[in-house]
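Survey of secondary and tertiary structure
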Amino acid sequence: MPVMQLLRGAVKHAGSGPRCSVQRVISAARGVSSSSRHFGKTHPPSCADTDHPKVLITGGLGQLGVGLAKLLRRRFGKNNVILSDIRKPPNHVYHNGPFIFSDILDYKNLREIVVNNNISWLVHYSAVLSAVGENNVALAKEVNITGTCAHSPKLPKVSCSIADPEGTFAAAIRAALTQTLMRSLSLFIGLHNILDIATEHGLRLFVPSTIGAFGPSSPRDPAPELCVQRPRTIYGVSKVHAELMGEYYHHRYGLDFRCLRYPGIISADSQPGGGTTDYAVQIFHAAVKTGCFECNLRSDTRLPMMYIDDCLRATLEFLEAPAESLLSRTYNINATSFTPHDLVRELQKTLPVLKITYNVDPVLQAIADGWPMALEDGAARRDWGWKHEYDLSELVRTMLTHISTGNQLAQAY
């Protein structure tokens, strides 16, 4: 069992973390090693042959899961879309349709959910964003230790004693490496559980990727679908891993795997969660509430962006596209690209008193400088008819309307 040997060896070299925590990683990994076994080449039936697919959304309480569930329920019926996560949902989410607890590290439980609910589509969302791990404690920055699972514990803060370099500091490093090992492995183990279960049960599987899958050596303006990627964050590495594993399962086992590389997503309904493009959401709230905003990227940092309604519609249209029309399994989608300066100028057309200052975060800026300025999405437009609706001016108008209305309602109560 090479996977188990690799994990045990990595844990051993990482240090002496709590035995129960290490065992949880090993137990979760058993789902990978035991399930990736005897898949023959299969051709699962197309979901287009049925009136209403039964959809499971994992990691559903993140930025996009709730919105996608709402859209899919309008399309397929309330009870045909099950939202899941490991956290307790807000009341409005709980009462708007089926919600269950689902931990993707628990292979047996996830398999039971798929079987018991007759799932035919699986949407695998991850709540991890680009800057969460990269902007952690000082030790984590120095040795490039990052986390990749939203529900994992934070890295311990390191207290270094110069008088005892082999004691306190070494122990702290061992503890950090052990926790990092578990956090990094959890995302990969969860993905493999998802891939195995989707293959075994003939599901249509959607796994999102992002602009974070590209790196400094990638073409930037625009980034084509097929090019050198080589990202430099654990976030980006995990996305490339998901793309390649999904395409392998498609070609090797016939899995109906589908993946979209999202630009930065802008929404008035969700709070920023640690992404490099978060400034493009934060600035709207600051503009309406205070009229001032401090941006953590340079004014000329151009990145691809998309309003959330375009993103969710693209995901639904891609999921509904006939398999025979897809010449690829991983597509770029693009809408608009702009810099902080461009966004400020557009906002000032409505809010002329808006003031902006720049306090560049070197970690975020380094990530942004390695990402594309635009995505080439001609294949998506050709193969399944993708077309965006929100350019920069329409995006700004819509965001200001939603945020202003929300603030007025809050003040009324």
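Shown above is the structure to which this text applies.
Summary of the structure given here. Treat the numbers as computed from the prediction; the structure is a model and nothing was measured.

Below, the discussion takes up the overall build of the protein chain. Helices and strands together make up the secondary structure of the protein chain, namely 15 helices and 13 strands. With 413 residues in all, the protein chain has 53% of them scored as buried. For the protein chain, long-range pairs separated by at least 24 residues make up 77% of all intrachain contacts whose partners lie at least 6 apart in sequence. Looking at the protein chain as shown, the accessible area adds up to about 19,200 Å², and 54% of this sits on carbon and sulfur atoms.

This paragraph deals with helix α13 (residues 362–369). Residue pairs three or four apart in sequence face the same way in an α-helix, which turns once every 3.6 residues. Of the residues making up α13, those classed as buried are Val 363, Leu 364, Gln 365, Ile 367 and Ala 368. Its side-chain oxygen at 2.9 Å from the backbone nitrogen of Val 363, Asp 361 defines the N-terminal cap of α13.

Using the criterion set out here, one finds 18 salt bridges in the structure. For the salt bridge of Arg 313 with Asp 310, the shortest nitrogen-to-oxygen distance reads 2.8 Å. Taken as a pair, Arg 313 and Asp 310 lie in helix α11 (residues 308–320) at a separation of three residues, close to a single helical turn. One exposure class covers both Arg 313 and Asp 310, and it is buried. Several salt bridges converge on common partners, so that one network encompasses Arg 204, Asp 256, Arg 258 and Arg 329.

Axis separation between helix α3 (residues 65–76) and α11 bottoms out at 10 Å; the angle between their running directions is 50°. The orientation of α3 relative to α11 falls into the category oblique. The two elements α3 and α11 meet at a crossing, and its hand is right-handed. Two secondary-structure elements touch here, α3 through Gly 67, Leu 68, Leu 71, Leu 72, Arg 75 and Phe 76 and α11 through Leu 312, Arg 313, Thr 315, Leu 316 and Glu 320.

Below, the discussion takes up the pairing of strand β4 (residues 121–124). Across the two faces of β4 the burial is the same, with Trp 121 and Val 123 and Leu 122 and His 124 all buried. As paired strands, strand β1 (residues 55–58) and β4 are joined by four bridges and run parallel to one another. Of the residues in β4, the one forming a bridge with Val 55 is Trp 121. Bridge count between β4 and strand β5 (residues 204–206): three bridges; the pairing is parallel. When the sheet's bridge partners are listed, Leu 122 is paired in β5 with Leu 205.

The next point concerns the packing of aromatic side chains. Under the defined criterion, the tally for this structure stands at 12 aromatic pairs. Centroid distance Phe 206 to Tyr 262: 6.3 Å. Interplanar angle 40°. Geometry classified as tilted. A residue pair is termed long-range when its members are at least 10 positions apart, and Phe 206 in strand β5 and Tyr 262 in strand β7 (residues 256–262) qualify at 56 residues. The pair formed by Phe 206 and Tyr 262 is uniform in burial state, with each residue classed as buried. A ring pair is formed by Tyr 248 and Tyr 249, whose centres lie 6.1 Å apart and whose planes are at 75°; its orientation type is edge-to-face. Its relative accessible area of 42% is what places Tyr 248 among the partly exposed residues. Accessibility expressed as a relative area gives 3% for Tyr 249, which makes it buried. Put simply, the rings of Tyr 125, Phe 206, Tyr 262, Phe 318, Tyr 331, Trp 384 and Trp 386 pair up and form one aromatic cluster.

Along the polypeptide, Thr 330 turns up in strand β11 (residues 330–332). A polar side-chain atom of Thr 330 sits 2.8 Å from a polar atom in the side chain of Glu 247. In this structure Thr 330 touches Glu 225, Glu 243, Glu 247, Phe 257, Cys 259 and Arg 261, once residues within four positions along its chain are discounted.

A separate point is the packing of helix α10 (residues 279–289) against helix α12 (residues 340–348). It is the contact of α10 with α12, at a shortest axis distance of 11 Å, that shows an interaxial angle of 25°. Compared by their axis directions, α10 and α12 come out roughly parallel. Handedness of the α10/α12 crossing: right-handed. Together, Tyr 279, Ala 280, Ile 283 and Phe 284 of α10 and Pro 340, Leu 343, Val 344 and Leu 347 of α12 make up the contact between the two elements. Residues belonging to the contact of α10 with α12 are distributed by class as follows: eight nonpolar, no polar and no charged.

Moving on to the sheet that holds strand β12 (residues 336–338). One key point about sheets: their strands pair by backbone hydrogen bonds, in either a parallel or an antiparallel sense. The three strands lie next to each other as β8-β10-β12, forming an open sheet whose pairing is mixed. At either margin of the open sheet sits one strand with a lone partner, and together these are β8 (264–266) and β12. The average undirected angle you get between the axes of adjacent strands in this sheet is 45°. Of the pairings in the sheet, the one linking β8 to strand β10 (residues 303–307) comprises three bridges and is parallel in character. Along β10, the bridge assignment pairs Ile 265 with Met 306.

Let us look at unusual backbone geometry. The peptide bond linking Asp 221 to Pro 222 adopts the cis configuration, its omega dihedral lying at 0°. On the secondary structure map, Pro 222 appears in the loop between β6 (209–210) and α9 (234–253). For Asn 118, which is not glycine, the phi torsion reads 55° and is therefore positive. Take Asn 118: it is sitting in the loop between α5 (107–116) and β4. A positive phi angle, close to 45°, is found at Arg 230, a residue other than glycine. Assignment of secondary structure puts Arg 230 in the loop between β6 and α9.

Each value, and the rule that gives it
Residues numbered from 1 in each chain as written. Predicted model: local features only at pLDDT ≥ 70, side-chain atom pairs only at ≥ 80, totals over all residues. Heavy atoms only, no water. Helix = DSSP H or I, 4+ residues; strand = E, 2+ residues; numbered from the N terminus. Buried < 20%, exposed > 50% of the residue type's maximum accessible area, 1.4 Å probe, protein only. Contact = heavy atoms within 4.5 Å. Areas by Shrake-Rupley, 256 points an atom, 1.4 Å probe, with all protein chains shown as cover. Polar contact = N/O pair within 3.5 Å; in protein donor to acceptor, adjacent residues only side chain to side chain. Salt bridge = Lys/Arg side-chain N within 4 Å of Asp/Glu carboxyl O. Axes fitted to C-alpha atoms, helices over the stretch in contact; angles between N-to-C directions. Parallel < 35°, antiparallel > 145°, perpendicular 65-115°, else oblique. Left-handed = near helix turned anticlockwise from the far one by under 90°. Pairing = 2+ DSSP bridges. Phe/Tyr/Trp six-rings, centres within 6.5 Å; stacked < 30°, edge-to-face > 60°. Nonpolar A, V, L, I, M, F, W, Y, C, P; charged D, E, K, R; others polar.

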